[in-house]
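# Chain and residue survey
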Amino acid sequence: MNLFAKNSDRLHWVYWLVIGLSLLLTFAAWYVSDTQIEQKIKQRFEFQSNQLLSLVSERMSRYEDALRAGAAVIHTNNGKIDADGWKRFADALDLEETYAGINGIGVIYHVEPEELDAFLENERRLRPDFKIHPPHSQEGFWPITYIEPVKYNAKAVGLDMAFEHNRYTAAKQARDTSRTQITGPIVLVQDEKKMPGFLQYVPFYDSLNISTPEQRRKHFVGHVYAPFIVDKLIKGTLEQNSRKLIFSVYDGDDQLYNELLPGNADYDPSPLYSKEVSVDMYGRTWIFTIQTTQSFRKEISTNQSVYILVGGIVDSLLLFLLFVFVGSNRKSLLLAEKMTKKSLISEEYFRHIIEAAPCGMVIANEQGIIEQANPHAGLLFGYKKDELVGKTIESLVPKRFQVEHPKNREQFLAEHGQPIRRMGQNREIFGLRSNGEEFPAEVGLAKFIGEDGVKVLSTIIDVTESTQITNELKRSNKELNDFAYVASHDLKAPLRGIMQLSSWVEEDVAEFASEETKNYLELLRSRTARLEKLLDDLLAYSRIGRHHGEVCEVDIKELVSSVFTLLDPPPAFTLDCSGKLPVLKTLAVPLEVIFRNLIGNAIKHHDRSDGVITISAEEQTDAYEFSVYNDGPGIAPKHQAQVFEMFKTLKPRDEVEGSGMGLAIIKKLLEYHGGEITVSSDNERGVCFTFKWPKIMSDEGVNSE
């Protein structure tokens, strides 16, 4: 076929097709490369953002631990401690070294009006100048009685928390909930620069019987607290010169901290990424706005996709010039075809791609001699530019693997039909740096034909960071399993002993014990039984995902009827299974656990002596949707998402016995087996739990076929 038109100024359509395909492949390679780079950069931003938030949350938890230690010291001294005793405790904490960012640690006592004179007389024995200030119109007094170190916080001694809204509101909230609380934004009286700050409260009481707000107010003694200047807190937690991200923190409309300023040396006016995250911080919502910096942009800067695009366009242009200027005789045509084929298989065609790749890449011949290596490979293995060229692949492998490595390489070259391989499947792979240091690696191999024989392209990625994360997850899982073992074996035995001892005590004192004593013994058995139930549920929760028996035929109607009978409901309760319920082959144990918890909750939380529980099912494409409805009290929409949280109950523990884990166990079971659960209620009467259960299941879980 004559590939040139009669008019020599024109090219045949075949040549235009070749040029078009070359451009199409160029743009496709550019797009894929650009997308992959974008994804990796975004993953790095997300990882560093989460790490930043974790450091702040972890540091606040450490401060809380210090405050709780102070509360424990006061309890140990029967609720009494003086200024000298508090100073000894604060000195032992070594605040400046151990708790960088904290402004001090102190005690706030709650003083009723009739107790004021005695309180002041007691405190003025060691500190004659002690006084409570400023005046206010609230009932009672909340003075900062002790604060260390005093030299930085002298102006705060005697300051009454009731004089200012944010301080007073958070103090009452901590008292009424018995939880750690922080204030809204305030300015510390001891801060001459008047920068944004806040207080952190940990309440303490003179009794352990504080299950209701009324009991907490009755037995409330005071708070152990710490003042913070947010700027000092952040600088003590996160040095900016060690970060590639900057951020601001707001509490509502109030600014607590801000690095997102043009005056910041690392500020990027057009950040690559930014995001806003809301964090629940001890009763307040802190809004973090996080964005990348100029140093982040420089660190991830790469021109890989640009090299690919420019290189492809240049190749297409050379093809065009070749087609234009090559003569129409057969000899010239054969020469053009030969040059085109040679260009397509040449390693030079891939040089720009290799050099710009964000992972290590080396090309070696059949003898394992490195012929090309990109800059990232040099950095990865600790060599200068071009030092890798001429070395053997074995020099990059730890010495204990160097003897076997040539055999593995020859085997890969001899394999047919497998031009690509992932190394390290089912075993660990390590690289060897020039200084003798080893690092875990992920390696990919690809064979291709070069000008002078078979070549092997190796891509190497340092997976040290992901290996550390994996090891940390394994450690956390082991700790969870260890805890489950302790809970099931070492803790339950003494609990049963306590219950037996309480029964013996009741028998011994039955004739002369007061009703109050008998009530206390009954309360002891009830609380001990609740703790045993909690341990059982914790153990069940931790074991979700282990073997749950074998697949068998389950009649749902028979299953729920049996569960209802075993739960021994009140006589006036009925179970309605009048609708069509399926018979399916599935794992019976987890499904029975789900129905038992849902039906048990419906009975336990019902507010009447009679009730109806209705079970229904609807068949879908790959699952059954089961509904468990009861006509008891409704659940407000704002609480519906919370019911699936661990240890969450909507009633006080003394009104309803339970661990608060039943629905959390259901949710985790369903997620493991590929199902889901929702709750609906109109907040008046009736609650309906709806969950999906797979139709087809193997002995290990959902069938993947």
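Remember, it's a predicted structure, so these values are computed and weren't measured experimentally.

Reading the values: the criteria
- Residues numbered from 1 in each chain as written.
- Predicted model: local features only at pLDDT ≥ 70, side-chain atom pairs only at ≥ 80, totals over all residues.
- Heavy atoms only, no water.
- Core = buried A, V, L, I, M, F, W, Y, C linked by side-chain atoms within 4.5 Å.
- Buried < 20%, exposed > 50% of the residue type's maximum accessible area, 1.4 Å probe, protein only.
- Helix = DSSP H or I, 4+ residues; strand = E, 2+ residues; numbered from the N terminus.
- Pairing = 2+ DSSP bridges.
- Axes fitted to C-alpha atoms, helices over the stretch in contact; angles between N-to-C directions.
- Contact = heavy atoms within 4.5 Å.
- Arc of directions from axis to C-beta.
- Phe/Tyr/Trp six-rings, centres within 6.5 Å; stacked < 30°, edge-to-face > 60°.
- Lys NZ or Arg CZ within 6 Å of the ring centre and 35° of its normal.
- pLDDT = per-residue confidence, 0-100.

Our next topic: the nonpolar core. One finds Trp 86, Ile 105, Tyr 109, Phe 247 and Phe 288 to be the most contacted residues of the largest nonpolar core, which totals 57 residues. Here this core takes twelve residues from helix α1 (residues 13-76), the largest share from any one element. The next biggest cluster of nonpolar side chains, apart from the first, holds 39 residues, and it includes Phe 573, Ile 613, Ile 666 and Val 687.

So, on to the sheet that holds strand β23 (residues 685-694). Sheet strands pair via backbone hydrogen bonds, and the direction of the pair is either parallel or antiparallel. Taken together, the five strands give an open sheet; going across it, the order is β18-β20-β21-β23-β22, and neighbouring strands pair in mixed fashion. Every interior strand has two partners, whereas the edge strands, β18 (573-576) and β22 (676-681), have only one. Adjacent strand axes in the sheet meet at a mean angle of 15°, parallel and antiparallel pairs treated alike. Bridge analysis of β18 against strand β20 (residues 611-619) gives four bridges, and the strand direction is parallel. Bridge pairing in β20 links Leu 575 to Ile 613. Helix-sheet contacts for helix α19 (residues 588-604) involve β18, β20, β21 (623-633), β22 and β23, and the interaxial angle to β23 is about 175°.

Along an α-helix, a turn takes 3.6 residues, which lines up residues three or four apart on a common side. Buried within helix α8 (residues 230-237) we find Val 230, Asp 231, Leu 233, Ile 234 and Thr 237. An end-on view of α8 places all buried positions within 160° of arc, on one side of the element.

Strand order in the open sheet made by the four strands is β8-β7-β10-β9, with antiparallel pairing throughout. Since the sheet does not close on itself, it has two edges, and those belong to β8 (254-258) and β9 (274-281), each with one partner. Here the strands of the sheet are splayed against their neighbours by 25° on average, with no regard to which way each runs. For β9 and strand β10 (residues 284-292), the ladder comprises eight bridges, and the chain directions are antiparallel. The residue bridging Glu 276 from the neighbouring strand is Thr 289, located in β10.

Pairs of aromatic rings are described using the distance from one ring centre to the other and the angle between the two planes. Summed over the entire model, instances satisfying the criterion amount to 20 aromatic pairs. Between Tyr 109 and Tyr 146, the aromatic rings sit 6.3 Å apart at their centres with planes inclined by 85°, giving edge-to-face as the arrangement. Residue Tyr 109 is located in strand β1 (residues 105-109), and its partner Tyr 146 is located in strand β2 (residues 144-148); the two are separated by 37 residues in the primary sequence. On the basis of an interplanar angle of 65° and a centroid distance of 5.9 Å, the ring pair of Tyr 205 and Phe 220 is categorised as edge-to-face. Of this pair, Tyr 205 sits in strand β5 (residues 196-205) while Phe 220 sits in strand β6 (residues 220-229), and the two are 15 residues apart along the sequence. Taken individually, Tyr 205 and Phe 220 each receive the classification buried, so the pair is uniform in this respect. Three or more aromatic residues joined by ring pairs form one cluster here, namely Tyr 63, Tyr 99, Phe 198, Phe 228 and Trp 286. The ring centre of Phe 412 lies 5.0 Å from the NZ or CZ of Lys 447, which sits over that ring.

Looking at the chain as a whole, its pLDDT mean stands at 81, while 79% of the residues score no less than 70. Across residues 4-8, confidence stays below pLDDT 50; counting only partners more than four residues off in sequence or on other chains, it has eight contacts. Here residues 652-656 scores under 50 on pLDDT; set against residues more than four positions off or in separate chains, the count is eleven contacts.

What follows deals with unusual backbone geometry. Between His 133 and Pro 134 the backbone carries a cis peptide bond, its omega angle lying at -10°. Counting through the fold element by element, Pro 134 comes out in the loop between α4 (116-123) and β2. Across the junction of Glu 148 and Pro 149, the peptide omega takes the value -5°, indicating a cis bond. Secondary-structure assignment places Pro 149 in the loop between β2 and α5 (150-153). Phi is positive for Tyr 282, which is not a glycine, with a value near 50°.

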